[in-house]
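So the chains spell out like this:
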Amino acid sequence: MFKVVVLGTGMFFAIKWHHDQAKKDAQDKRDAEAKPDPQAPQDRNAQQDDQREA
């Protein structure tokens, strides 16, 4: 009986850990897609406005 409880508890936490990791990976992916790339060129209209002012 003790082995069943220990193995059942271990399986529960293993499944929970994998589920939490999948949620974390999905959230990290969404956050990465939402953030603009700092090395990407800026909006062309903003650059043209800056050139006109100069």
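For the structure, check the block above.
Thresholds applied
- Residues numbered from 1 in each chain as written.
- Predicted model: local features only at pLDDT ≥ 70, side-chain atom pairs only at ≥ 80, totals over all residues.
- Heavy atoms only, no water.
- Helix = DSSP H or I, 4+ residues; strand = E, 2+ residues; numbered from the N terminus.
- Buried < 20%, exposed > 50% of the residue type's maximum accessible area, 1.4 Å probe, protein only.
- Areas by Shrake-Rupley, 256 points an atom, 1.4 Å probe, with all protein chains shown as cover.
- Phe/Tyr/Trp six-rings, centres within 6.5 Å; stacked < 30°, edge-to-face > 60°.
- Salt bridge = Lys/Arg side-chain N within 4 Å of Asp/Glu carboxyl O.

Digging into the overall build of the protein chain
Logical step 1: Helix and strand counts for the protein chain come out as two helices and zero strands.
Logical step 2: Within the protein chain, the fraction of its 54 residues that count as buried is 0%.
Logical step 3: By element, 59% of the accessible surface of the protein chain is carried by carbon and sulfur atoms, the whole surface being about 5600 Å².

Description of the packing of aromatic side chains
Logical step 1: Tallied over the entire structure, the rule returns one aromatic pair.
Logical step 2: Aromatic side chains Phe12 and Phe13 sit 5.1 Å apart centroid to centroid with 75° between the ring planes, which places their arrangement in the edge-to-face category.
Logical step 3: Overall, Phe13 belongs to the partly exposed group, its relative accessible area being 48%.

Quick word on the pattern of salt bridges
Logical step 1: Taken as a whole, this structure holds one salt bridge when the rule is applied.
Logical step 2: Between Asp20 and Lys16 there is a salt bridge; the shortest N-O distance is 3.0 Å. Of this pair, Asp20 and Lys16 both sit in helix α1 (residues 2-34), four residues apart, which is roughly one turn of that helix.

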